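Structure assessment
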Amino acid sequence: MLYENRHKNNLNVITLMKNNLASPEHLKQYSGWGGLGNSLSNPELYHNLRRLLTVEEMTSLKQTLTNAYYTPAHIVHFIYEWLGIYGFKGGDILEPAVGQGVFLEHMPQAIKDQSTITTVELDCLTSQIVTTLYPYTTHHTMGFERYHPKQRFDLILGNPPYGKESVVDTRHPDLNPYKIHHYFVAKSMRLLKEGGILAMVLPCYFLDNVQEHVRTLIDQEGGSLLAAYRLPDDLFQNAKVTVDIVFLTKGKTDKAWVSVEDMTVAGYKKPMNIYYHLHSQHILGNLEIVDIYDRKGLTCKRRGSLSYQLKNVLKGLQQDQIIHRLQPLQSLLASIDLTSLDKDMG
């Protein structure tokens with residue numbers, strides 16, 4: 001959806017909702033306001049929103065302008081296909097920042113049929129859309145910091161808010177100093193069952209920060225990395241954000257991922273997660289140095305078709321899984337004394 005059309009589509013959906021005329025297909029056109037902050041400087045648009053929305057809804061909408069980004073469908077499909085190859089078939093699922101429900105919309109029916117799904121969303125307008133379109137979910141209209149379930153989950157997924165702000169969680173006060181995206185991951189890992197999976201689209205700072213990160217904490221609490229893939233910085237409309245698709249698990253793997261090492265690009269040394277030093281094929285673009293505010297920063301620029309690269313990732317993962325499953329058979333065959341077998345048969 002083109003940037004110039006998004007705010008018009010969103011306004012049209014809101015107008016239809018307020019007049020009880022919105023069909024499911026209309027509601028699915030709503031893409032949220034992340035990255036559309038400049039649109040609200042248009043006096044006509046702002047006036048129309050103020051006319052249609054309650055004070056609470058308007059306040060809630062404004063909170064999403066700088067930290068909520070619409071996840072492209074092909075990224076969601078990739079995450080589900082990756083999970084399927086890994087072996088996830090269903091279970092207790094949580095999406096802690098469901099937004100307008102793109103992960104629900106594209107969830108494979110086979111997983112949906114085998115799962116109970118819980119969703120959380122701060123924005124009351126998108127919560128209305130989610131509860132209308134996906135009534136089979138257990139939905140909570142609140143910030144994730146106020147959500148304190150006794151239940152634990154097999155899968156926690158989504159695209160949490162990014163930004164410099166932090167939240168106050170009375171049950172997890174040790175996480176309060178961290179920026180919101182770090183907080184979402186650390187708390188989500190605490191809500192996983194043993195062996196559970198976290199699959200999220202996260203800003204590169206989650207993996208690359210030298211300080212003020214939660215990787216060490218997650219590692220100490222029994223979490224590990226399964227895989228990560230760095231994506232180009234133009235994934236989200238009207239926002240230059242380098243992001244990773246990150247898969248974590250509540251359990252131990254052999255993947256190195258907690259530390260960072262300098263990556264030299266164009267003569268500049270910039271910190272990058274050790275995982276990408278060891279798995280450079282998971283960088284799905286070209287690393288470049290760009291101006292970020294008043295400093296030089298490392299980013300990832302598009303290199304050809306991202307969809308094509310993601311398909312190749314899945315093909316490679318399938319091949320790896322086949323090899324992994326054949327290893328016990330190969331070991332068994334290697335242990336058989338074929339010479340004595342030939343003698344017995346003779």
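Just above, that's the structure.
Residues numbered from 1 in each chain as written. Predicted model: local features only at pLDDT ≥ 70, side-chain atom pairs only at ≥ 80, totals over all residues. Heavy atoms only, no water.

A separate point is the overall build of the protein chain. Scanning the protein chain from N- to C-terminus turns up 14 helices and 11 strands. A total of 346 residues make up the protein chain; the buried ones form 52% of that total. If you take every contact in the protein chain between residues at least 6 apart in sequence, the share linking residues at least 24 apart comes to 64%. Summing over all exposed atoms, the protein chain offers an accessible surface of approximately 17000 Å²; the carbon and sulfur share of this is 52%. (Helix = DSSP H or I, 4+ residues; strand = E, 2+ residues; numbered from the N terminus. Buried < 20%, exposed > 50% of the residue type's maximum accessible area, 1.4 Å probe, protein only. Contact = heavy atoms within 4.5 Å. Areas by Shrake-Rupley, 256 points an atom, 1.4 Å probe, with all protein chains shown as cover.)

Turning next to empty space enclosed by the protein. Scanning all chains against the criterion turns up 1 cavity of 30 Å³ or more. Quantified by volume, the largest cavity comes out at close to 30 Å³. Lining of the largest cavity is provided by Met189, Arg190, Ile218, Glu221, Gly222, Gly223 and Lys250. A breakdown of the residues in the lining of the largest cavity according to their chemical character gives 2 nonpolar, 2 polar and 3 charged. (1 Å grid on protein atoms, 1.4 Å probe; cavity = no way out; pocket = protein on both sides within 12 Å on 5 of 7 lines; lining within 4 Å. Points joined across faces, edges and corners; volume = space filled by probe spheres on them. Nonpolar A, V, L, I, M, F, W, Y, C, P; charged D, E, K, R; others polar.)

This next bit is on the pairing of strand E10 (residues 286-292). Here E10 pairs with strand E11 (residues 295-301) via 7 bridges, running antiparallel. Considered in E11, the bridge of asparagine 286 is made with lysine 301. From the end of E10 to the start of E11, which pair antiparallel, there are 2 residues, and tyrosine 293 there has a positive phi angle of about 55°. (Pairing = 2+ DSSP bridges.)

Tallied over the entire structure, the rule returns 12 aromatic pairs. Pairing tyrosine 80 with phenylalanine 103 gives two aromatic rings, centres 6.4 Å apart and planes at 70°, and the pair type is edge-to-face. Of this pair, tyrosine 80 sits in helix H5 (residues 73-86) while phenylalanine 103 sits in helix H6 (residues 102-105), and the two are 23 residues apart along the sequence. Accessibility classification places tyrosine 80 together with phenylalanine 103 in one group, the buried group. With 6.4 Å between their ring centres and 80° between their planes, tyrosine 229 and phenylalanine 247 make a pair best called edge-to-face. Highlighted residues: tyrosine 229 in strand E6 (residues 223-230) and phenylalanine 247 in strand E7 (residues 243-250), separated in sequence by 18 residues. As far as the burial class goes, tyrosine 229 and phenylalanine 247 line up, both buried. Chaining the aromatic ring pairs together yields one cluster made of Phe78, Trp82, Tyr86, Tyr229 and Phe247. The ring of phenylalanine 144 carries the charged tip of lysine 187 above its face, separated from the ring centre by 4.6 Å. (Phe/Tyr/Trp six-rings, centres within 6.5 Å; stacked < 30°, edge-to-face > 60°. Lys NZ or Arg CZ within 6 Å of the ring centre and 35° of its normal.)

This part covers the sheet that holds strand E1 (residues 92-95). Adjacent strands of a sheet form backbone hydrogen bonds with each other and so pair up, either parallel or antiparallel. Pairing is mixed in the open sheet, where 7 strands are placed in the order E3-E2-E1-E4-E5-E7-E6. A single partner strand is all that each edge strand has here, and the edge strands are strand E3 (138-141) and E6. Along the sheet, successive strands turn relative to each other by an average axial angle of 15°, direction set aside. Each of strand E2 (116-121) and E3 is contacted by helix H8 (residues 124-133), which is oriented at about 170° to E3, the strand it contacts most. The sheet strands contacting helix H9 (residues 180-190) are strand E4 (153-158), strand E5 (192-203), E6 and E7, and the helix crosses E5 at an angle near 165°. (Axes fitted to C-alpha atoms, helices over the stretch in contact; angles between N-to-C directions.)

Once that is clear, we can look at the packing of helix H3 (residues 43-52) against helix H4 (residues 55-62). Viewed as axis vectors pointing N to C, H3 and H4 meet at an angle of 135°, and their least axial separation amounts to 8 Å. Viewed along their axes, H3 and H4 adopt a mutual orientation that is oblique. Contacts between H3 and H4 involve Tyr46, Leu49, Arg50 and Leu52 from the first element and Glu57, Met58 and Lys62 from the second. Its residues assigned to classes, the contact of H3 with H4 comprises 4 nonpolar, no polar and 3 charged. (Parallel < 35°, antiparallel > 145°, perpendicular 65-115°, else oblique.)

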